[in-house]
Amino acid sequence: LLKCFAVIAVITFLAYSSMAVSITAIGGVSRVIDSSDLIAGAGSDLHDTYESPLDATAIEILNCSGTAEGWRVDVSRSDVEWNNNLVLYVRRTSNGVGDGTISGGGEYQEVTSSPSTLFSGVNNRQFIYVQYKLAGESVQVPIDRYISNVTFTVVDI
Amino acid sequence: VNILKKNTIKLSLFLAVFAFVGMIAVVPALASGGNSDTINVSYQNDAIAQLSVSSPSVSLHVTDYNEAGNSQGSATDASVTYSVTTNAGGTAKITGSIGSPMESTLQLLANLGSAGGMSAGETDLTDGSSHDLVSGIPNGSSTGNSISIKFVAPITANRVTSSKTLTLTLLDS
């Protein structure tokens, strides 16, 4: 029995010690673009860009050790269905709350298939909001539903 | 021996409590997120077919009755234009109809600019049915496309007046 509990205790300890900073992202974008988005009705084209709400996605950074543990958040995307005329951007719109700090990411940056750093910080932060912008829309873009999966990755630094 | 057993039990209880509390704390933390998370962005481009004309009405007055040798007179208006936006993929067309036939002996014809597609040229709308006026309009938007309306009336002793509504419809053919 002693050995059994000892093993459990060791596993628990190892699990604790191996817990790295984690990220949770909640909320996305679902937007219909139709004739109401024409610049000036018949004879005009669609608006080129479409911004999501400021708080389209809420991000949490948790499980930091609490001893000034630094991290950065990278962003990338994987397309389900896309059109080459369309360009997706993202930016951070809030600092969030928590015992840590946060910096960077306030300006729109393109989201591509390659991860790029969006922002960085120290220790736990919650309610970090990001906003998206779609550019390149026009009536030349065929009728379809364009979907991409945006991945946020937290990296210990 | 009893002392050893007693200590063993105490240690076991301590470890059990430690393990239990530890697991309670760890499992939710591990479940709350990993080092990455994914959200979904979706933009749906719906069909767009918008057409408008620059003026809601035109008046056509046949005035060349008195010219020698004429059995009928005509009047043409080309002051109205149309604007169009479509993303139908090059299959859009414009049809025209006056809804019901013209009065006997009167004719109404229309000729629309191509808007990047192919114009059917001057088309007789007199029978009141729907006729293709432009086809193959590509994706895009254009303004100032011409609309020419021609009214033809025979020479008669009586003054003839007619009013018709020409409906232009943008369709995905």
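Data block above holds the structure.
Summary of the structure given here. (Residues numbered from 1 in each chain as written. Chains lettered and ligands numbered in written order. Predicted model: local features only at pLDDT ≥ 70, side-chain atom pairs only at ≥ 80, totals over all residues. Heavy atoms only, no water.)

## Some remarks on the sheet that holds strand E11 (residues 144-156) of chain A
Pairing within the open sheet is mixed, and its six strands lie in the order E2(A)-E1(B)-E11(A)-E5(A)-E9(A)-E7(A). Every other strand in the sheet has two partners, leaving strand E2 (29-33) and strand E7 (101-103) of chain A as the edge strands with one partner each. Going from strand to strand, the sheet's axes swing by 20° on average, the running direction of each strand aside. Taken together, the 10 bridges between E11 of chain A and strand E1 (residues 36-45) of chain B define a ladder with antiparallel strand orientation. Each residue of the ladder has a partner; that of Val 150 of chain A, found in E1 of chain B, is Ile 39 of chain B. (Pairing = 2+ DSSP bridges. Helix = DSSP H or I, 4+ residues; strand = E, 2+ residues; numbered from the N terminus. Axes fitted to C-alpha atoms, helices over the stretch in contact; angles between N-to-C directions.)

## Section: the sheet that holds strand E9 (residues 140-154) of chain B
Residue and element names in this part refer to chain B. Read from one edge to the other, the open sheet built from five strands follows the order E2-E3-E9-E5-E7, with strand pairing classed as antiparallel. Where the open sheet ends on each side, the last strands, each with one partner, are strand E2 (49-53) and strand E7 (123-124). Note: E2 against strand E3 (residues 72-86), five bridges, orientation antiparallel. Each residue of the ladder has a partner; that of Gln 50, found in E3, is Thr 85.

## Here we look at the environment of Asn 35 of chain B
Among the secondary structure elements, Asn 35 of chain B is positioned in the loop between helix H1 (2-31) and E1. By relative accessible area, which is 45% here, Asn 35 of chain B ends up partly exposed. Sequence separation of Asn 35 of chain B and Arg 159 of chain B is 124 residues, and the distance between their C-alpha atoms is 86 Å. With near-sequence residues (within four places) excluded, Asn 35 of chain B lies in contact with Val 21, Ile 23, Phe 152, Thr 153 and Val 154 of chain A. (Buried < 20%, exposed > 50% of the residue type's maximum accessible area, 1.4 Å probe, protein only. Contact = heavy atoms within 4.5 Å.)

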